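An overview of the molecular structure
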Amino acid sequence: MENNKLRIYTLEEAKDKYVGKVGTEKRNQYEYELRLDLLGKMIRQTRKERHLTQSQLGEMIGVQKSQISRIENNAKNVTIETILRVFNALHAKVNFNVELLDGEFKIA
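A few points on the structure. Source: prediction; values computed, not measured. (Residues numbered from 1 in each chain as written. Predicted model: local features only at pLDDT ≥ 70, side-chain atom pairs only at ≥ 80, totals over all residues. Heavy atoms only, no water.)

Thoughts on the packing of aromatic side chains
Under the definition given, this model contains one aromatic pair. Seen from their ring centres, Tyr9 and Tyr18 are 6.3 Å apart, and the 80 degrees between their planes marks the pair as edge-to-face. The lysine or arginine in question, Arg7, covers the ring of Tyr9, its NZ or CZ lying 4.5 Å from the ring centre. (Phe/Tyr/Trp six-rings, centres within 6.5 Å; stacked < 30°, edge-to-face > 60°. Lys NZ or Arg CZ within 6 Å of the ring centre and 35° of its normal.)

Things to note about the packing of helix H3 (residues 54–61) against helix H5 (residues 80–89)
Between H3 and H5, whose axes approach to 9 Å, the crossing angle comes to 110 degrees. Comparing their axes, H5 and H3 come out roughly perpendicular. In this structure, the crossing between H3 and H5 has a hand that is right-handed. Taking contact as the criterion, the partners of Leu57, Met60 and Ile61 in H3 are, on H5, Arg85, Val86 and Ala89. (Axes fitted to C-alpha atoms, helices over the stretch in contact; angles between N-to-C directions. Helix = DSSP H or I, 4+ residues; strand = E, 2+ residues; numbered from the N terminus. Parallel < 35°, antiparallel > 145°, perpendicular 65-115°, else oblique. Left-handed = near helix turned anticlockwise from the far one by under 90°. Contact = heavy atoms within 4.5 Å.)

As for the nonpolar core
Membership of the largest hydrophobic core comes to 15 residues, with the highest contact counts inside it found for Leu39, Ile43, Leu57, Ile71, Ile83, Val86 and Leu90. Among the elements of the structure, helix H2 (25–49), H3, helix H4 (65–73) and H5 are those that each provide at least two residues to this core. (Core = buried A, V, L, I, M, F, W, Y, C linked by side-chain atoms within 4.5 Å. Buried < 20%, exposed > 50% of the residue type's maximum accessible area, 1.4 Å probe, protein only.)

Details of the side chain of Lys15
Here Lys15 is to be found in helix H1 (residues 11–18). A relative accessible area of 11% means that Lys15 is categorised as buried. There is a polar contact of 3.2 Å between the side chain of Lys15 and the side chain of Glu12. Non-local contacts of Lys15, meaning those with residues more than four positions away in its chain, are made with Gly20, Arg27, Tyr30 and Glu31. (Polar contact = N/O pair within 3.5 Å; in protein donor to acceptor, adjacent residues only side chain to side chain.)

So, a nonpolar patch on the surface
Side chains of Tyr30, Leu34 and Leu38 sit close together on the surface and give an oily, nonpolar patch of about 240 Å² of accessible area. Note on placement: Leu38 falls in helix H2. (Patch = residues over 30% accessible without salt bridge, like charges linked within 9 Å, V, L, I, M, F, W, Y side chains within 5 Å. Areas by Shrake-Rupley, 256 points an atom, 1.4 Å probe, with all protein chains shown as cover. Salt bridge = Lys/Arg side-chain N within 4 Å of Asp/Glu carboxyl O.)

Structural data, given as structure tokens:
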């Protein structure tokens, strides 16, 4: 008779199994995209806490509403300068942690 037990994974075990081990290119890309997604969500949440519309925030930093929407939904193609302008307009402090690993830059 087959053993039909359900295997339970921790989040780290699941990421290792389905995304790749820490340090692999696939895992690094996953972690990078996850951080960018969280950055966009942070901007949206902070904007809403400040009771601003996307249009109002866009006017504050000199971009269209559509640019704010793109930043909130996908921060991949946004310059650090724009991110800093957004957080400055939101009166939020930003810290970047940059590490040099094996001759390559990693922004955490």
